[in-house]
Each structure stands twice: as structure tokens, then as C-alpha cells.
Amino acid sequence: MRAHVGDQLVIDSTKTGAARRDGEIVGLHHEDGTPPYDVRWSDTDEVTLVFPGPDAHIHHLESAEPRTTSAPQPDAGEARGASAVAPPTGAAGPGDIGRRVGVERRRQGLSREETAGRARMSPDYLAYLEERPADPTFATLIRLADALGTSVAALRGGGMDLPPGQGHALLHPRLRDLSPEECRTLLSTHGVGRIAVPASDGRPAVVPVNYEIVDDAIAFRTAPGSLTAAAAGREVAFEVDHVDEDMSQGWSVLAVGPANVVTEPEAVRRLTHHAHTRPWAGGEREMWVSIRPATLTGRRITPADQ
């Protein structure tokens, strides 16, 4: 008997009156796919270590035809601290939840093994969740959200089309100014920020851009003639923030300073080589604009006792 994560284990008991039982294989203990397996049972949602017996067979992902075991073995095992997943949909690539889990895990610099250990699940199952379409149970999402320091709603993508901050305000909030060093720390990686620029009619406009921090300067890519390209040669404002909807707290950082087009070939090459992401807006955006902050200010909202 050989299986892969995501295959279905079916027990057709030969005992009189015994019910048929099936479950999802969510963890392997041998690279060649031989038993035992971590199985999530469909009737209880529990995961146990299973040594399949002669009344067991496997439904493989790539085939609806079962394969039957050839050697009798014990048919039960001890409970395991793994997790669960519903049968795959058959589509290629990861599902939305798996993508969000992978993005958040990498953002925090966690390995799959570290994340799986925190969430009390098999690393094989976590790899399966991140790489294949899956529909984890609510209990699984709670453990993953706790392991990643986020919320179940965030992993599900809930509220993506709603502006943040619609939750209740803290009973006793504390609003404090951030030091320049704290601002640099919050700004210092990369992500999405907002730049305030004058539009062609002279009115102010605020546009989100993917940005990088290089040598204490804020750099982003755009296209000549675009709205954000109008920032070049002007003093501009650039803002980054983060809102924790569930905890009703967050922070914002505002940088103000001159923006200029990066023209030196070596500087352009270095920016392009070290860029973490392509601009989400797509298209040809090879013009780099750099902002040197003259002032850097920020604020954070937390509970009063923090």
C-alpha cells in the first residue's frame, strides 16, 4: 500500500454490523508512502495514527479506483496532534486559504516545520494546504491563525472589499507618537504605501504603490507620464499603515521629502535586482522614483495598559 497526502483511506469492515469508515490522509511517516498514516476521519474530524489492515483500501487523487492492501496489519492507532482537510477539488495549484497561509508564514520568516509545530499539525499537511486546493476545518483555521498571529477572517479573506477600521474602538485607547527610529523600523522592509501627488488639474491625489527601502530612501517603480511619475521633482508625502481589525489597534507612518527619478545606471540596476516584488498594477513600470524623507513621523493606537 502506498499513498500521498490528500488520498482517501476507506475501511470496509468485515465484521457484522460494523459501519464503513473513511478519512483523509493528512500526514505520511515514510517518504515512499507506505503506512502508517495520519488520517482525519470524516465522521469525527479527529486525526489518528493508522496502520491499515486487510479491510482497508485507498482512493488515490489521480484515480477513482481503489487499491486494496495485501498484508494484514492492525487497523487502529493512537491519537495524533495533526490537522484536517476536506477532499481536494481537483484543480491545480493552491487555494486562496493556502496562499494566504503561505504569504503570512513567509512574511514572518517562519519555516513550514515551525508553523506546523505551533499549529499542532503535520508539516506534510501544511505543505499540502499551501500547494493544493483545500478546505480546512474551522478548528484547523483557528490553530493556524493562532500560530501566525492573525485571524480566521484574515485567512479566509473576509472583508477584503471593505475598508479597515469598521470594528469597535477600544474602551480605553492610547494614542502615542512614534520616535523617528520606530518609524524607520516600521517602514524599513517593503510592501504597499500611499503617495500624495498633484494631479494634472492641480488637485491632490493619493495613489497606492509597491515600495522598497534602499539606503534609507523610499523607492517605487512607475511609468513615465503616469500620475505617480508626477511626484518627481516635487516634495511629496508618503504614508504606510497597518490596522489590526480584530484588536482595534494599529499604526501609521508619514514620510515627507523630495522625490527624484533615479537615473544612474548602477543605482537602477541595484534597485531592480533587489526588488522584492513587481508592481501589482502590472504593465511596463521601469522608471524608479526615490523619496528621501526630510521628516518622519508616526502614531500608534494601543490599549491604555500596553
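Draft legend 1. Structural detail: the overall build of the protein chain. When you go through the protein chain residue by residue, the secondary structure sums to 7 helices and 14 strands. Expressed as a percentage of the 306 residues in the protein chain, the buried residues total 38%. Within the protein chain, contacts between residues at least 6 apart in sequence are counted, and of these 62% link residues at least 24 apart. With an accessible surface of roughly 17,200 Å², the protein chain has 52% of that area assigned to carbon and sulfur atoms.

Draft legend 2. Looking closely at helix α1 (residues 96-107). For α1, spanning 12 residues, the distance from its first C-alpha to its last is 16 Å, which sits close to the expected 16 Å at 1.5 Å a residue. Among the residues of α1, Ile97, Gly98, Val101, Gly102, Glu104 and Arg105 are the ones counted as buried. Considering only its buried residues, α1 is in contact with α2 (112-118), α3 (123-131), α4 (138-148) and α5 (152-156). Within two residues after α1, Gly109 carries a phi angle of roughly 70 degrees, on the positive side.

Draft legend 3. Region of the structure containing the nonpolar core. Core analysis: the biggest nonpolar cluster contains 23 residues, and Leu187, Ile195, Ile218, Val236, Phe238 and Ile291 have the highest contact counts within it. Sorting the residues of this core by element identifies α6 (180-187), β8 (190-198), β9 (204-214), β10 (217-222), β11 (235-244), β12 (249-261) and β13 (287-291) as the ones contributing at least two each. Per element, the largest residue contribution to this core is 4 residues, and it comes from β12. Beyond its immediate sequence surroundings of up to four residues, Phe238 is in contact with Leu187, Gly193, Arg194, Ile195, Val209, Tyr211, Ile218, Val253, Leu254, Ala255 and Ile291. With 20 residues, the next largest nonpolar core counts Leu110, Ala116, Leu126 and Leu141 among its residues.

Draft legend 4. Local environment of unusual backbone geometry. In this structure, Pro36 follows Pro35 across a cis peptide bond, with omega equal to 5 degrees. Examined against the element boundaries, Pro36 turns out to sit in the loop between β2 (21-28) and β3 (37-41). At Arg120, a position not held by glycine, the phi torsion is positive, near 55 degrees. Here Arg120 lies in the loop between α2 and α3. The phi torsion at Asp215 lies on the positive side, around 55 degrees, for a residue other than glycine. Among the residues examined, Asp215 registers a relative accessible area of 48% and is labelled partly exposed.

Draft legend 5. Just α3, in detail. Among the residues making up α3, those that are buried are Tyr125, Leu126, Ala127, Tyr128, Leu129 and Glu130. Buried residues belonging to α3 abut β2, α1, α2 and α4. N-cap assignment for α3: the residue whose side-chain oxygen lies 3.1 Å from the backbone N of Asp124 is Ser122.

Draft legend 6. Looking closely at the packing of aromatic side chains. Per the stated rule, a full pass over the model turns up 1 aromatic pair. On the basis of an interplanar angle of 75 degrees and a centroid distance of 5.3 Å, the ring pair of Tyr211 and Phe238 is categorised as edge-to-face. In this pair, Tyr211 is assigned in strand β9 and Phe238 in strand β11, connecting sequence segments 27 residues apart. As far as burial versus exposure is concerned, Tyr211 and Phe238 are alike and both buried. When the ring centre of Trp41 is taken as reference, the NZ or CZ atom of Arg21 above it lies at 4.2 Å.

Draft legend 7. A look at the packing of α1 against α4. Here α1 crosses α4 at 20 degrees, and the two axes come no closer than 10 Å. What the angle tells us is that α1 and α4 run roughly parallel. Crossing geometry of α1 relative to α4 is assigned as left-handed. Here Ile97, Val101, Glu104 and Arg105 of α1 come into contact with α4, specifically with Leu141, Leu144 and Leu148. Residue classes in the contact of α1 with α4 are distributed as 5 nonpolar, no polar and 2 charged.

Draft legend 8. Spatial organisation of the side chain of Glu212. Take Glu212: it is sitting in strand β9. Of the polar contacts made by the side chain of Glu212, one reaches the side chain of His276; its length is 2.6 Å. Residue contacts for Glu212: discarding those within four places in its chain leaves Thr189, His190, Ala217, Ile218, Ala219, His274, Ala275, His276, Thr277 and Trp288.

Draft legend 9. Representation of the packing of α1 against α3 within the structure. Put simply, α1 and α3 touch, their axes get as near as 6 Å, and they point 115 degrees apart. Between α1, through Gly98, Val101, Gly102, Arg105 and Arg106, and α3, the contact on the second element is made entirely by Leu126, Leu129 and Glu130. Considering only residue class, the contact of α1 with α3 consists of 3 nonpolar, 2 polar and 3 charged.

Draft legend 10. Local environment of the pattern of salt bridges. Going through the model one piece at a time under the given rule, you end up with 13 salt bridges. The salt bridge involving Glu130 is made with Arg105; its shortest N-O contact spans 2.8 Å. Of the two residues, Glu130 sits in helix α3 while Arg105 sits in helix α1, which places them 25 residues apart along the sequence. Of the residues examined, Glu130 reaches a relative accessible area of 7% and is grouped as buried. Residue Arg278 is joined to Glu286 by a salt bridge in which the shortest nitrogen-to-oxygen separation is 3.2 Å. For Arg278, a relative accessible area of 46% translates into the label partly exposed. Look at the salt bridges and you will find they share partners, linking Arg105, Arg112, Glu130 and Glu131 into a network.

Parameters and conventions
- Residues numbered from 1 in each chain as written.
- Predicted model: local features only at pLDDT ≥ 70, side-chain atom pairs only at ≥ 80, totals over all residues.
- Heavy atoms only, no water.
- Helix = DSSP H or I, 4+ residues; strand = E, 2+ residues; numbered from the N terminus.
- Buried < 20%, exposed > 50% of the residue type's maximum accessible area, 1.4 Å probe, protein only.
- Contact = heavy atoms within 4.5 Å.
- Areas by Shrake-Rupley, 256 points an atom, 1.4 Å probe, with all protein chains shown as cover.
- Expected span 1.5 Å × (residues − 1).
- Core = buried A, V, L, I, M, F, W, Y, C linked by side-chain atoms within 4.5 Å.
- Polar contact = N/O pair within 3.5 Å; in protein donor to acceptor, adjacent residues only side chain to side chain.
- Phe/Tyr/Trp six-rings, centres within 6.5 Å; stacked < 30°, edge-to-face > 60°.
- Lys NZ or Arg CZ within 6 Å of the ring centre and 35° of its normal.
- Axes fitted to C-alpha atoms, helices over the stretch in contact; angles between N-to-C directions.
- Parallel < 35°, antiparallel > 145°, perpendicular 65-115°, else oblique.
- Left-handed = near helix turned anticlockwise from the far one by under 90°.
- Nonpolar A, V, L, I, M, F, W, Y, C, P; charged D, E, K, R; others polar.
- Salt bridge = Lys/Arg side-chain N within 4 Å of Asp/Glu carboxyl O.

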